[in-house]
Amino acid sequence: MKDRDYMKRAITLAKKGYPSPNPRVGAVIIKNGRIVGEGYHAKAGLPHAEINALKEAGEEARGATLYVSLEPCCHYGRTPPCTDSLISAGISKVVIGCVDPNPLVGGKGIEILRDHGVEVKTGVLEEECEKFNEIYFKHITKGEPFVLLKMAMSLDGRIADRYGNSRYIASEKSLKAVHKLRKRYDAVLVGANTVRRDDPQLDVRYVNNREGRDPYKVVVTTRLSNLPKNAKLFKKEKVMVACCKKDSDLEGVEILQFPGEKVPMRGLIKTLAKKGITSVMIEGGGEVSWRALKEKVVDKIIFFLSPTILGGGKSVVDGEGFPLKDCLKISYEKVYKLDKDLVIEAVPL
């Protein structure tokens, strides 16, 4: 096998973890052409990928090569530096996918390893390693959450029919994919209309969640009185409501109040960042989606298109809209089928 093959295995392992706010990292140890140890970072505060791989390899780590998707850490956080453990274990070579943008690391881990006689190679599947850690890279370099706009719609761009019905436009496989995304993101955000119309729970239900990942639920509204107090959402934990007018009471939720007539999306995103939230998935509705796009807080878009046509109804993006000459352009990253649905992953330009 080649460097790229082992790095692909490290990436596959990394994607098993949910270590927010830390990066997802996978590691593979190779000796005499065979895998002797593997590991990934499962959760913040638990051992890093390299440490888990070293534990599995045992004495066979001495003189072996480590493939790791992100530069090993060299500082004390919740856990000791991985560089120290790699040196002590006798790893002779480290192949790294991409450099850690964290200023506490940022090449220092590589330098320490080389200073101790460890051969280091970098840049193997670099772009891919950076891409699947896009949440971490945005958070660590800009101090802001990575924002995903996710919408399920009919082929003609409707998120609900003329009677307000929206369950379930997308297929069961798409629904499970959405819950997998909820498990990945720190917070899920919706508008008041979505709460009134759909009475969503915004938790993780349709996929295995042995890790117990439960996102924050964030509701955007102009005034608290717009929200039904008996909504299922407000019986959950980790609920925030962003509003302008606190003209009602909601028990058990955190209120984020903003001046003006509408909650500023950029201001809200910055407020969530201060609360330690590194990623936000916007799930609608049309008005919230429009304002997020207009204020340019969206980093990525995922649309699930059902093979149906509704006409009328609610549009995926409401609001006054852009003039054609100033329309928001996007770049497709992936287009693929999921059961009968078409999934489009894109980034705003």
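Everything discussed here concerns the structure shown above.
Residues numbered from 1 in each chain as written. Predicted model: local features only at pLDDT ≥ 70, side-chain atom pairs only at ≥ 80, totals over all residues. Heavy atoms only, no water.

All right, on to the layout of surface pockets then. The volume enclosed by the largest pocket comes to roughly 1100 Å³. Along its surface, the largest pocket is lined by 37 residues, and Lys-15, Arg-24, Leu-181, Arg-184 and Lys-300 are the ones closest to its centre. Broken down by secondary-structure element, the contributors of at least two residues to the lining of the largest pocket are helix H5 (126–131), helix H6 (134–142), helix H7 (172–184), strand E13 (300–306), strand E15 (330–338) and strand E16 (341–348). Here the lining of the largest pocket takes 6 residues from H7, the largest share from any one element. Here the residues of the lining of the largest pocket sort into 17 nonpolar, 6 polar and 14 charged. (1 Å grid on protein atoms, 1.4 Å probe; cavity = no way out; pocket = protein on both sides within 12 Å on 5 of 7 lines; lining within 4 Å. Points joined across faces, edges and corners; volume = space filled by probe spheres on them. Helix = DSSP H or I, 4+ residues; strand = E, 2+ residues; numbered from the N terminus. Nonpolar A, V, L, I, M, F, W, Y, C, P; charged D, E, K, R; others polar.)

Before going further, it helps to spend a moment on the pattern of salt bridges. Scanning the entire structure with this criterion turns up 24 salt bridges. Of the charged contacts in the structure, one is a salt bridge between Lys-217 and Asp-214, with a shortest N-O distance of 2.7 Å. Between Lys-314 and Asp-318 there is a salt bridge, with its nearest N and O atoms 3.1 Å apart. The class for Asp-318 is buried, based on a relative accessible area of 19%. What you see here is one network of salt bridges that share partners, running through Lys-131, Glu-134, Lys-300, Glu-333 and Glu-345. (Salt bridge = Lys/Arg side-chain N within 4 Å of Asp/Glu carboxyl O. Buried < 20%, exposed > 50% of the residue type's maximum accessible area, 1.4 Å probe, protein only.)

On to the pairing of strand E2 (residues 34–40). Pairing of strand E1 (residues 26–31) with E2, which is carried by 6 bridges, proceeds in the antiparallel orientation. Of the residues in E2, the one forming a bridge with Lys-31 is Arg-34. Linking two consecutive strands that pair antiparallel, namely E1 and E2, is a turn of 2 residues; a positive phi of about 55° is found at Asn-32 within it. (Pairing = 2+ DSSP bridges.)

Take empty space enclosed by the protein next. Gaps between atoms show up when a probe of the same size as a water molecule is rolled over them. Using the criterion set out here, one finds 1 cavity of 30 Å³ or more in the structure. If you trace the largest cavity, you find 27 residues lining it, with Lys-150, Ser-166, Tyr-168, Asp-198 and Glu-283 closest to the centre. The greatest single-element share of the lining of the largest cavity, amounting to 5 residues, is contributed by H7. A breakdown of the residues in the lining of the largest cavity according to their chemical character gives 13 nonpolar, 7 polar and 7 charged.

Turning to the packing of helix H3 (residues 82–89) against helix H4 (residues 108–115), a few remarks are in order. One can describe the packing of H3 onto H4 by two numbers: an axis separation of 10 Å at closest approach and a directional angle of 20°. Compared by their axis directions, H3 and H4 come out roughly parallel. Where H3 crosses over H4, the two elements pack in a sense that is right-handed. Side by side, H3 and H4 meet where Thr-83, Leu-86 and Ile-87 of the first sit next to Gly-109, Ile-112 and Leu-113 of the second. (Axes fitted to C-alpha atoms, helices over the stretch in contact; angles between N-to-C directions. Parallel < 35°, antiparallel > 145°, perpendicular 65-115°, else oblique. Left-handed = near helix turned anticlockwise from the far one by under 90°. Contact = heavy atoms within 4.5 Å.)

None of this, on its own, says anything about what the molecule does.
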